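Geometric and topological summary
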Amino acid sequence: MEITVTGRHVTVPERFRRHIEDKLSKVPQLDPRVSRCDVVVTHEANPRQAKEAERIEITCHAKRSVIRAEASADDVYGALDVAMTRLGERLRRVNDKRRVHRGRKQPKSVHDATSAITVPPEEQPVAETPLPAHIAKVGGDEDCPIQLREKVHASAPMGVDQALNEMELVGHDFYLYQDAETGKPSVVYRRRGWSYGVIQLDVVDEAPAASTA
């Protein structure tokens, strides 16, 4: 398995690189299909963000799937430990899902397969490192405190089932895609437990005028 380590605003020591490689050596045991792992180490110089100054992002590339995990802490070793814990949970979840849907016996629904599992308490959210001010300003106003981060990702039209699978792989609570059947921009999102929802955008030529009282 190929491992690449990149530093942003920081030089990654060789000792820490070896520590990362040692941690990631367990990934093939959780998912043998992973062929490459990209690790990005980011240092936030803002002293106000001292508790989340070190950020670790891990992206595992497997056949037809990408699994991500990230974490922030006051030191790189702590951030790596949290990121690896999250990555392990997501890799196990992906493997469990394959076993449920691809076993030799009749496929079992996710609800039935996980009904006996005790759901652990949700982990405390980790505050994200504030984005640099130059990324974007709403309306181009430099005095505006709101920052906007833009992302573009390549995707092919897909069905709801595949969109849910992609959402689980990246570890997000929502996933934007184009519905293969209707051609509409759509979003799947997580609700409670194993409950999900989907929103489709019905594009019209002109937005409806706001009603006035």
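These numbers were taken from a predicted model, which means no experiment stands behind them.

**Focus on the overall build of the protein chain**
Counting secondary structure elements, the protein chain contains five helices and seven strands. In the protein chain, the order of α-helices and β-strands from amino to carboxyl end is β-α-α-β-β-β-α-α-α-β-β-β. A total of 213 residues make up the protein chain; the buried ones form 31% of that total. Sequence separation of 24 or more characterises 40% of the internal contacts of the protein chain that already satisfy a separation of 6 or more.

**Some details on the side chain of Arg55**
Assignment of secondary structure puts Arg55 in strand β3 (residues 54-62). On the accessibility criterion, Arg55 (10% relative accessible area) is buried. Engagement of the side chain of Arg55 in a polar contact is seen with the side chain of Ser72, the distance being 3.1 Å.

**Points about the confidence of the model for the protein chain**
In the predicted model, the protein chain carries a mean pLDDT of 76, and the fraction of residues at 70 or more is 67%. Contacts from residues 100-104, a stretch scored under 50 in pLDDT, to residues over four places away or in other chains number 10 contacts.

**Some remarks on the nonpolar core**
Within the largest apolar cluster, 27 residues are counted, with the highest numbers of intra-cluster contacts made by Leu24, Val41, Ile56, Ile58 and Leu87. Within the residue set of this core, elements represented by two or more residues are α1 (14-24), β2 (36-43), β3, β4 (65-73) and α3 (76-102). With residues near it in sequence (within four places) discarded, Val41 still touches Val5, Thr6, Gly7, Arg8, Val10, Val12, Phe16, Ile20, Arg55, Ile56 and Val76. Counting residues in each nonpolar core, the second largest holds seven residues, with Ala163, Leu164, Met167 and Tyr175 among its members.

**Digging into the sheet that holds β4**
With mixed pairing, four strands are arranged side by side in an open sheet as β1-β2-β3-β4. In the strand order of this sheet, the two ends are held by β1 (2-8) and β4, each with one partner. When the angles between neighbouring strand axes are averaged without regard to direction, this sheet yields 15°. In the sheet, β1 pairs with β2 via seven bridges, with the strands oriented parallel. Residue pairing in the sheet places Glu2 in a bridge with Arg36 of β2.

**Concerning the pairing of β2**
β2 sits mainly inside the fold: six of its eight residues count as buried. The pairing of β2 with β3 spans eight bridges and is classified as antiparallel. The residue bridging Arg36 from the neighbouring strand is His61, located in β3.

**Observations concerning helix α5 (residues 160-170)**
Of the residues making up α5, those classed as buried are Ala163, Leu164, Glu166, Met167, Glu168, Leu169 and Val170. Positive backbone phi, approximately 75°, marks Gly171, located one or two places after α5.

Criteria and cut-off values
Each chain carries its own residue numbering, running from 1 in the direction its sequence is written. Reporting in this predicted model follows two pLDDT cut-offs: at least 70 for local features of residues, and 80 or more for side-chain atom pairs to be given and counted; totals over whole chains, interfaces and linings ignore these cut-offs and use all residues. Excluded from the side-chain calculation are hydrogens and water; included are all heavy atoms of the structure. Only DSSP runs of H or I reaching four residues or more are called helices, and only runs of E reaching two or more are called strands; each is numbered from the N terminus. Each residue's exposure class comes from its accessible area (1.4 Å probe, protein chains only) as a fraction of the maximum for that residue type: buried when under 20%, exposed when over 50%, partly exposed otherwise. Pairs of residues are marked as contacts when any of their non-hydrogen atoms sit within 4.5 Å. Residues adjacent in sequence count toward polar contacts only when both atoms are side-chain atoms; beyond that, a polar contact is any pair of N or O atoms within 3.5 Å, and within protein one must be able to donate a hydrogen and the other to accept it. For every residue, the pLDDT score states the predictor's confidence, bounded by 0 at the bottom and 100 at the top. Among buried residues, the Ala, Val, Leu, Ile, Met, Phe, Trp, Tyr and Cys ones that are joined through side-chain atoms within 4.5 Å form a nonpolar core. At least two bridges found by DSSP between two strands are what make those strands a pair. Here, axes are lines fitted to C-alpha atoms. For helices the fit covers the stretch in contact, and angles between N-to-C directions go from 0 to 180 degrees.

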